[in-house]
Amino acid sequence: MPASSTTPIFNNSPEQNAQLRHNWSIAEVQTLFDLPFSDLMFQAQTIHRQHFNANEVQVSTLLSIKTGACPEDCKYCSQSARNKTDLETEKLLEVENVLATAKAAKEQGSTRFCMGAAWRNPKARDMPYVVEMVKGVKALGLETCMTLGMLSSDQADELQNAGLDYYNHNLDTSPEHYNQIITTRTYQDRLDTINNVRSAGMKVCSGGIVGLGEESKDRASLLAQLANLSPQPESVPINMLVKVEGTPLSDVDDLDSFDFIRCIAVARIMMPKSHVRLSAGRSAMNEQMQAMCFLAGANSIFYGCKLLTAENPETNQDIALFKKLGINTETIDFGDQQQQTTNLRTALVNEENKELFYDASV
Ligand code: SAM
Ligand code: DTB
Ligand code: SF4
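Reading the values: rules and limits
Residues numbered from 1 in each chain as written. Chains lettered and ligands numbered in written order. Predicted model: local features only at pLDDT ≥ 70, side-chain atom pairs only at ≥ 80, totals over all residues. Heavy atoms only, no water. Axes fitted to C-alpha atoms, helices over the stretch in contact; angles between N-to-C directions. Helix = DSSP H or I, 4+ residues; strand = E, 2+ residues; numbered from the N terminus. Parallel < 35°, antiparallel > 145°, perpendicular 65-115°, else oblique. Contact = heavy atoms within 4.5 Å. Nonpolar A, V, L, I, M, F, W, Y, C, P; charged D, E, K, R; others polar. Core = buried A, V, L, I, M, F, W, Y, C linked by side-chain atoms within 4.5 Å. Buried < 20%, exposed > 50% of the residue type's maximum accessible area, 1.4 Å probe, protein only. Near = heavy atom within 4 Å. Polar contact = N/O pair within 3.5 Å; in protein donor to acceptor, adjacent residues only side chain to side chain. Areas by Shrake-Rupley, 256 points an atom, 1.4 Å probe, with all protein chains shown as cover. Phe/Tyr/Trp six-rings, centres within 6.5 Å; stacked < 30°, edge-to-face > 60°. Lys NZ or Arg CZ within 6 Å of the ring centre and 35° of its normal. pLDDT = per-residue confidence, 0-100. Lys, Arg positive; Asp, Glu negative; His and termini not counted. Salt bridge = Lys/Arg side-chain N within 4 Å of Asp/Glu carboxyl O. Expected span 1.5 Å × (residues − 1). Pairing = 2+ DSSP bridges. Right-handed = clockwise from strand over helix to strand, strands pointing away. Arc of directions from axis to C-beta.

Section: the packing of helix α3 (residues 37-51) against helix α10 (residues 287-295)
- Interhelical geometry of α3 versus α10 gives an angle of 55 degrees and a closest axis separation of 9 Å. Classed by the angle they form, the pair α3 and α10 counts as oblique. Contacts from F37, M41 and Q45 of α3 reach α10 at M292, F294 and L295.
- Among the residues making up the contact of α3 with α10, the classes are represented as five nonpolar, one polar and no charged.

Next comes the structure, spelled out in structure tokens:
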């Protein structure tokens, strides 16, 4: 039975609730999940506004720098060699290709460029190339992020020295549900990598996937794991499973939309200073659902028509949605920050002008 909207769940004021805590119990997180929807959204929105401009969203662009043929057995993933998917594999991209794509992402208004590789971990022979990629993307004035699998502390140091700002390494699901999803690396391996990234002085991007067939208590447990990291991750991607034909999870039941929105809201309450990213799965969400996620405290997205291998909304759709909602994108101090603002405005004006013309080719 959910608590009524008059039941005080915490005796603390919203200000006190917003203090960073690293001692969340699963039961306590479940209490948040069980709140009446409006109460949960109100708490999340109140906390969101204490730490962020509620009308600003950070935008990152993803690029798969090495695609498919991954030795790991992640049951959701199009890129695992064990899953019989239609994916075309690709070797590590040339540094120049990566830099050209990063430049285009910057021109489209992105502020962070995230490079992902289908590896268990980078090999010594790969490191000089990824280091060059980091240096090149950084020289464009973008924030840099990589997700390459497990990292040793030496590799984390090397990437940090090259100028890597963020490393993405997800916990994916709860420790209790984990063995149903991945058996080729342990939960502790993931925590060790996050620890190596943190010790090297980089910012941590870590979140998970929901809709894997897990229970509500697993979502509570995953969020407790993330929030109890000290410091909490600066970026928390909440991915809705993208179901891929040929993976063991291709037919799993859909997660109810309100349960997804609740996850965002609970993440916002527990990690008040982190950017919570409405991550994979937006192509399957309508505009109203995405708006609810922003209302629940999501303030980051992947921007650009492709994630790593799966589709993402077209940039024009996102620009149009932001315009409808009065959302601005977060800017960073590029040095040429004016340029970034101009690019987004140009994109928006182009989108508006489209309505003035008809397509003579159809
Ligand atoms: N191979 C590296 C690793 O796993 O650490 C980095 C890339 S991996 C694709 C990064 C994350 O993307 C995964 O940990 C998972 O959370 C997310 N992901 C992968 N496939 C997904 C899917 N089909 N739906 C939603 N999220 C997905
Ligand atoms: C994250 O949490 N989500 C991104 C990023 N980190 C690397 C990846 C989503 C992948 C979605 C499925 C695909 O494109 O293959
Ligand atoms: Fe490989 Fe990463 Fe996909 Fe797992 S999620 S199979 S490690 S690419």
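Right, picking up where we left off after that structure.
What about the nonpolar core?
- If you look at the biggest cluster of nonpolar residues, it comprises 92 residues, and the most contacted ones within it are Y76, M146, L159 and F260.
- Here the element with the most residues in this core is helix α9 (residues 257-270); it accounts for nine residues.
- Sequence-distant contacts of F260, that is, excluding residues within four places in its chain, are made with V210, I238, N239, M240, L255, L278, M285, M289 and C293.
- L62, A280, L307 and A310 belong to the second largest nonpolar core, which has eight residues in total.

Here's the deal with the site of ligand 2
- Lining the immediate surroundings of ligand 2 are 14 residues, of which N170, N239, L308, T309 and A310 lie closest.
- One of the backbone nitrogen or oxygen atoms of L308 is found 2.9 Å away from an oxygen atom of ligand 2.
- Between ligand 2 and the protein, one listed contact pairs an oxygen atom with a backbone N or O atom of A310 at 2.9 Å.
- In isolation ligand 2 exposes 400 Å². Once the protein is present, 86% of that is buried.

A word on the site of ligand 1
- Neighbouring ligand 1 are 16 residues; A117, T147, N170, D172 and V242 lie closest to it.
- Contacts to ligand 1 include W119, whose backbone N or O atom sits 3.3 Å from a nitrogen atom.
- Here V242 contributes a backbone N or O atom positioned 2.9 Å from a nitrogen atom of ligand 1.
- With the chains in place, 89% of the 560 Å² that ligand 1 exposes on its own is no longer accessible.
- Class assignment for the residues of the shell around ligand 1 results in nine nonpolar, five polar and two charged.

Brief notes about the packing of aromatic side chains
- Tallied over the full model, the rule gives three aromatic pairs.
- With centroids separated by 5.3 Å and ring planes inclined at 80 degrees, the aromatic side chains of F37 and F258 adopt a geometry described as edge-to-face. Here F37 is found in helix α3, whereas its partner F258 is found in helix α9, with 221 residues between them in sequence.
- Assessed through its relative accessible area of 44%, F258 is described here as partly exposed.
- Ring geometry for F294 versus F322: centroids 6.1 Å apart, planes at 75 degrees, classification edge-to-face. Of this pair, F294 sits in helix α10 while F322 sits in helix α11 (residues 315-325), placing them 28 residues apart in sequence.
- The lysine or arginine in question, R277, covers the ring of F302, its NZ or CZ lying 4.6 Å from the ring centre.

Description of the confidence of the model for the protein chain
- Of the residues in the protein chain, 86% have a pLDDT of 70 or more, and the chain-wide mean is 89.
- Below a pLDDT of 50 lies the segment residues 1-18, which in the model reaches 26 contacts outside its immediate sequence neighbourhood of four places, other chains included.
- For residues 353-362, every residue scores under 50 in pLDDT, and the model assigns this stretch one contact once sequence neighbours within four places are set aside.

Details of the side chain of R277
- Note that R277 resides in strand β8 (residues 275-278).
- We note that R277 is buried and unpaired, the nearest opposite charge coming from E143 at a distance of 7.6 Å.

Comments concerning the pattern of salt bridges
- Under the counting rule described, the total for this entry stands at 14 salt bridges.
- A salt bridge links E72 to R185, with the nearest nitrogen and oxygen atoms 2.8 Å apart. Of the two residues, E72 is situated in the loop between β1 (56-66) and α4 (95-107) and R185 in the loop between β4 (166-168) and α7 (187-199); the sequence distance between them amounts to 113 residues. Taken as a pair, E72 and R185 share a single burial class, namely buried.
- In this structure, E107 engages K103 in a salt bridge whose closest nitrogen and oxygen atoms are separated by 3.4 Å. You can see E107 and its partner K103 sitting in helix α4, four residues apart, about one turn around the helix.
- A relative accessible area of 46% places E107 in the partly exposed class.
- By relative accessible area, which is 46% here, K103 ends up partly exposed.
- Through salt bridges that share partners, E72, R120 and R185 make up one connected network.

Considering α3
- The terminal C-alpha atoms of α3, which comprises 15 residues, lie 22 Å apart, in line with the 21 Å expected from a rise of 1.5 Å per residue.
- Of all the residues in α3, the buried ones are F37, L40, M41, Q43, A44, Q45, I47 and H48.

Remarks on the pairing of β1
- Along β1, ten of the eleven residues are buried, which leaves the element largely enclosed by surrounding structure.
- Of the pairings in the sheet, the one linking β1 to strand β9 (residues 300-302) comprises three bridges and is parallel in character. Directly across from S60, in β9, lies its bridge partner F302.
- In this view, the connection linking β1 to its parallel neighbour strand β2 (residues 112-117) by way of α4 has right-handed handedness.

A closer look at α4
- Between its first and last C-alpha atoms α4 spans 19 Å; for 13 residues at 1.5 Å apiece the expected length is 18 Å, and the two agree.
- Of the positions making up α4, those classed as buried are V95, V98, A102, A105 and K106. Along the axis of α4, the buried positions cluster into a sector of 100 degrees, meaning they face one direction only.
- Following α4 by one or two positions, G109 has its phi on the positive side, about 105 degrees.

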